[in-house]
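Fold and geometry: a report
Residues per chain, in single letters:
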Amino acid sequence: QVQLVESGGGLVQPGGSLRLSCAASGSIFSISTMCWCRQAPGKERELVASLTSERNTVYADSVKGRFTITRDNAKNTVYLQMNTLQSEDTAVYYCHFSARTMFGWSNYWGQGTQVTVAS
C-alpha cells in the first residue's frame with residue numbers, strides 16, 4: 001500500500017519562506033508526475049505546481065517566480081520551496097503522485113499540511 005506523508009507546513013509571516021516535503025512509502029515501481037495542490041477555505045482545490053519524470057514543470061500563474069518544485073527520485077520525495085509568501089497563499093497543501101505498483105498505475109494523495117501566512 002502506498003502512503004504519502006507531508007511535512008513542513010506552519011505559520012509564517014508575509015514575505016517569509018517555507019519548504020514542504022512529501023515522501024511516498026510502499027512498494028513503488030516508478031512515479032511519473034508529482035504535484036502540489038492547495039485548497040483555501042471556501043475555494044476549490046487548485047494546482048500549484050507539477051513536475052514530470054522528464055523534469056517538465058508547470059506552475060500556477062499566482063506562484064510563478066516564488067515557488068519551486070523539485071523531486072528526489074531515490075527517496076520518492078517531492079518538495080515545494082515557497083518564497084515571498086503572501087496571505088493569499090494560505091491554504092491546505094496536498095501532494096499528489098501518479099505511481100506504478102504491482103497493481104498498475106494509480107493516483108495517490110497526501111493527507112494535507114496547513115500553510116498559514118499572517119503577521
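A quick note: this is a predicted structure, and the numbers were derived from the prediction, not measured. (Residues numbered from 1 in each chain as written. Predicted model: local features only at pLDDT ≥ 70, side-chain atom pairs only at ≥ 80, totals over all residues. Heavy atoms only, no water.)

Turning to the overall build of the protein chain, a few remarks are in order. The secondary structure content of the protein chain amounts to zero helices and 11 strands. Listed by position from the N terminus, the elements making up the protein chain come as β-β-β-β-β-β-β-β-β-β-β. Whereas a compact globule of 119 residues would reach a radius of gyration of roughly 14 Å, the protein chain reaches 14 Å, a difference of no more than 12%. C-alpha extents for the protein chain along the principal axes are approximately 45 × 25 × 25 Å. (Helix = DSSP H or I, 4+ residues; strand = E, 2+ residues; numbered from the N terminus. Rg over C-alpha atoms; globule rule 2.2 N^0.38 Å.)

Take the packing of aromatic side chains next. Per the counting criterion, the structure on display carries one aromatic pair. Arranged with centres 6.5 Å apart and planes meeting at 85°, the rings of Tyr94 and Trp109 form a pair that is edge-to-face. In this pair, Tyr94 sits in strand S9 (residues 91–101) while Trp109 sits in strand S10 (residues 104–109), placing the two residues 15 residues apart along the sequence. Classification of Trp109 as partly exposed rests on a relative accessible area of 41%. One Lys or Arg, Arg45, reaches over the ring of Tyr94 and ends 3.7 Å from the middle of that ring. The cationic tip of Arg45 hangs over the ring face of Trp109; the distance from NZ or CZ to the ring centre is 4.7 Å. (Phe/Tyr/Trp six-rings, centres within 6.5 Å; stacked < 30°, edge-to-face > 60°. Buried < 20%, exposed > 50% of the residue type's maximum accessible area, 1.4 Å probe, protein only. Lys NZ or Arg CZ within 6 Å of the ring centre and 35° of its normal.)

Attention shifts here to the nonpolar core. Side chains of a nonpolar character, in soluble globular proteins, are inclined to be buried together. Membership of the largest hydrophobic core comes to 30 residues, with the highest contact counts inside it found for Trp36, Leu80, Met82 and Tyr93. Looking at this core element by element, the count peaks at five residues for S9. (Core = buried A, V, L, I, M, F, W, Y, C linked by side-chain atoms within 4.5 Å.)

To continue, consider the state of the cysteines. Within this structure, the stated rule accounts for one disulfide. Each sulfur in the disulfide pair Cys22 and Cys95 lies 1.9 Å from the other. Disulfide Cys22-Cys95: the torsion about the S-S bond is 45°, which places it as right-handed. Within this pair, whereas Cys22 is found in strand S3 (residues 18–25), its partner Cys95 is found in strand S9, the two being separated by 73 residues in sequence. Grouping residues by exposure puts Cys22 and Cys95 together as buried. Cys37 supplies the cysteine sulfur nearest to Cys35, a cysteine that is in no disulfide, at a spacing of 5.8 Å. We classify Cys37 as buried; its relative accessible area is 9%. (Disulfide = S-S within 2.5 Å.)

Right, let's get into the environment of Glu54. Mapping Glu54 onto the fold places it in the loop between strand S5 (46–51) and strand S6 (57–59). For the pair Glu54 and Ser32, spaced 22 residues apart in sequence, the C-alpha separation works out to 8.4 Å.

In this section: the sheet that holds strand S1 (residues 3–7). Within a sheet, adjacent strands bond to each other through the backbone by hydrogen bonds, running parallel or antiparallel. Read from one edge of the open sheet, four strands run S1-S3-S8-S7, paired in antiparallel fashion. For this open sheet the edge positions go to S1 and strand S7 (67–72), each flanked by a neighbour on one side alone. If you compare each strand with its neighbour and ignore which way they point, the axes differ by 15° on average. In this sheet, S3 lies alongside S1 in antiparallel orientation, the contact comprising five bridges. The partner of Gln3 across the bridge, within S3, is Ser25. (Pairing = 2+ DSSP bridges. Axes fitted to C-alpha atoms, helices over the stretch in contact; angles between N-to-C directions.)

These figures come from the coordinates and say nothing about function on their own.
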